[in-house]
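What the coordinates show
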Amino acid sequence: MQHPTITAIVPQFPPSVNGVGDYGVYLAQQLHQDQNWTTRFVVGDPNWSGTEESFFQATPVEARSHCALQVLLPQPPAVILLHYVGHGYARRGCPVWLVNALEQWCRSGGHLVTMFHELYATKPLLSSASLTAPMQKHLAIRLMHISDRCLTSRQEYAATIRRLSPHQDIPTVPIFSNVGEVSQPQPLEKRSRRLVVFGGRGVRSRVYRQSRGALEKVCCELGITEIIDIGAKLELGLDSISGSTVTQLGVQPAREISRWLSDAIAGFVDYPIPYLGKSGIFAAYCAHGVIPIVASPHQLNEDGLHANQQFWWANHSERLEMQKGQAIADAAHAWYQVHCLKSQAQIFADCLRERIEQSSKQTIVMKRIV
C-alpha cells in the first residue's frame, strides 16, 4: 500500500482553537510531505464546520454516540490514529460512546494506534472531571488494551500505560510547536529586547496576576523594553510592567507568532513544571530559541527538562544574565530538536506503517477468499 489514507480521530479541529486538533493537523501535513500519506479526520464535535485541504478531509460526528461514530469509521481491516484526551470528547472526561465504538471496530479486525495526550484525572479536586476519575481510568485502560500501539507525551504517562496494559514499547514524544519552528535561531544579542507572553486567557492571566513579581524581576534583569502579549484580549488594564511597555496583539496567526518569537529574547509562562513536555507554549519558546521562563512551584520533570538548564525558573533567587540566558535558550532548542515536528512524524510513521502493511495483507487475503 504505497499511498495510504489514515483515519485520524480528534476532539476538535481548526478553525476552532484546540491544541490537540492543531497537533493532528500539523502531523497530517508532515506525514503528507514526508510519506505522501493522506489523512481523513473524524471530528468528535458535532457542531464543527470548516474547510478541507488536499491532504485531508474532515467530517464531524452527527452526535456523540456509538452509532454516529461507527458510520464514519473505515471498513476493517484499516488503521485509525486516535488523539485521545478524555475531556475533549465528553464534558466530564468519560467518552463512553467513543470507546464502545472503537472496541467494536477493533473486534471486527481494525487496527488502532492511540496517542494519549492525557490519561485520566488523578488529583483529588472537587470538580466534576475529578469526581469521575474512576470511570476515566476505566475507559483509558480499555483503550490501552484495544490499541495495537500506544504513544504519549510524558514519561509518567508511559510508565502508567506499562503498568496498566501489556504495552511496553511506548514512544514518548513531548509535543511540538504549533506556531512553527526555527532551525537556526539568531543569537539573543541580535534580537529586540522583547519578552513574549502568549496562550489562552487562563494561562496568560496567571502570568500577570499570580506571577507578576517574577515577571517584573526578569524584565529588569534582561533589560526588557516591551512585553508582547498574544492571545484573546485580557481586561487587566495593562499598559506597562516595571517600565516595559505591554503591547496586546490579540489572537494572531501562527506565522505572526513565529515572527514575534524569532525576534524576542524570552518567553514567559506560568505552568506546572512536571507537565512542560505537553505545553504547546513551552514547545514554541524552545522551537524559536528564546529563553523559556517558567513560573511555578519547583517540581521535578521526567522528560529531560531541568530548571536553569533548559528553562529558567522564574522564582530563582539568582540574577538572570544574558550569557546564562543564551546557554539556556541553546539547551532548550537542542532538547526540542529530538521531538520536533519532522522527528515526531517519523515516529508516528514507523508506528503506523506496520499496521498499514498488516491491514493491506488482510485485505488481499479477504479478496482471495471472496
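Since the structure is predicted, the reported quantities are computational estimates derived from the model, not experimental observations. (Residues numbered from 1 in each chain as written. Predicted model: local features only at pLDDT ≥ 70, side-chain atom pairs only at ≥ 80, totals over all residues. Heavy atoms only, no water.)

Let's talk about the overall build of the protein
Basically, it comes down to this: Secondary structure elements follow DSSP: runs of H or I of four or more residues count as helices, runs of E of two or more count as strands, with numbering from the N terminus. The globule rule used for comparison is 2.2 Å times the number of residues to the exponent 0.38, while the radius of gyration itself is calculated over C-alpha atoms. Using a 1.4 Å probe on the protein chains alone, a residue whose accessible area is under 20% of its type maximum counts as buried, one over 50% counts as exposed, and one in between counts as partly exposed. A contact between two residues is defined here by any heavy atoms of the two lying within 4.5 Å. Using the Shrake-Rupley algorithm and a 1.4 Å probe, accessible areas are obtained, with residue cover drawn only from the displayed protein chains. The charged-residue count follows a simple rule in which Lys and Arg add positive charge and Asp and Glu add negative charge, with His and chain termini not counted at all. Taken as the charge location is NZ of Lys, CZ of Arg, CG of Asp or CD of Glu.
In terms of regular secondary structure, the protein is built from 13 helices and 13 strands. The globule rule puts the C-alpha radius of gyration for 370 residues at 21 Å, and the 22 Å found for the protein is close to it. Summarising its shape, the C-alpha atoms of the protein cover approximately 75 × 45 × 40 Å along the three principal directions. Burial status across the protein gives 55% buried among its 370 residues. Of the contacts made within the protein by residues no fewer than 6 positions apart, 69% connect residues no fewer than 24 positions apart. When the accessible area of the protein is evaluated, it comes to approximately 16400 Å², of which 50% is carbon and sulfur surface. Computed over 34 positive and 30 negative side-chain charges, the inter-centroid distance for the protein is 5 Å.

Focus: the side chain of S279
You can see S279 is positioned in the loop between β11 (266-270) and α11 (280-287). Sequence-distant contacts of S279, defined by excluding residues within four places in its chain, comprise I175 and Y271.

As for the confidence of the model for the protein
Under the convention used in this document: Confidence scores labelled pLDDT are given residue by residue by the predictor and lie between 0 and 100.
Predicted confidence across the protein gives a mean pLDDT of 91, with 93% of residues reaching 70 or more. Model confidence for the protein, summarised as mean pLDDT per element, is weakest for helix α5 (residues 128-131) at 66 and strongest for strand β5 (residues 111-116) at 98.

A look at the sheet that holds strand β6 (residues 149-152)
Each strand in a sheet pairs with its neighbour through backbone hydrogen bonds, running either in the same direction (parallel) or in the opposite one (antiparallel). The line we're drawing: Two strands qualify as a pair provided that DSSP identifies no fewer than 2 bridges between them. Here an angle of 0 to 180 degrees is reported between the N-to-C directions of two axes, which are lines fitted to C-alpha atoms, with helices fitted over the stretch in contact.
The strand order across the open sheet built from 6 strands is β3-β2-β1-β4-β5-β6, with neighbouring strands paired in parallel fashion. Every other strand in the sheet has two partners, leaving β3 (56-60) and β6 as the edge strands with one partner each. Taken pair by pair, the neighbouring strands of this sheet meet at an average axis angle of 20°, ignoring direction. By the bridge criterion, 6 bridges tie strand β1 (residues 5-10) to strand β2 (residues 38-43) in an arrangement that is parallel. Bridge pairing links T5 to T38 in β2. The sheet strands contacting helix α4 (residues 96-107) are β1, β4 (79-84) and β5, and the helix crosses β4 at an angle near 160°. The strands that helix α7 (residues 155-164) touches are β5 and β6; relative to β6, the one it contacts most, it runs at about 150°.

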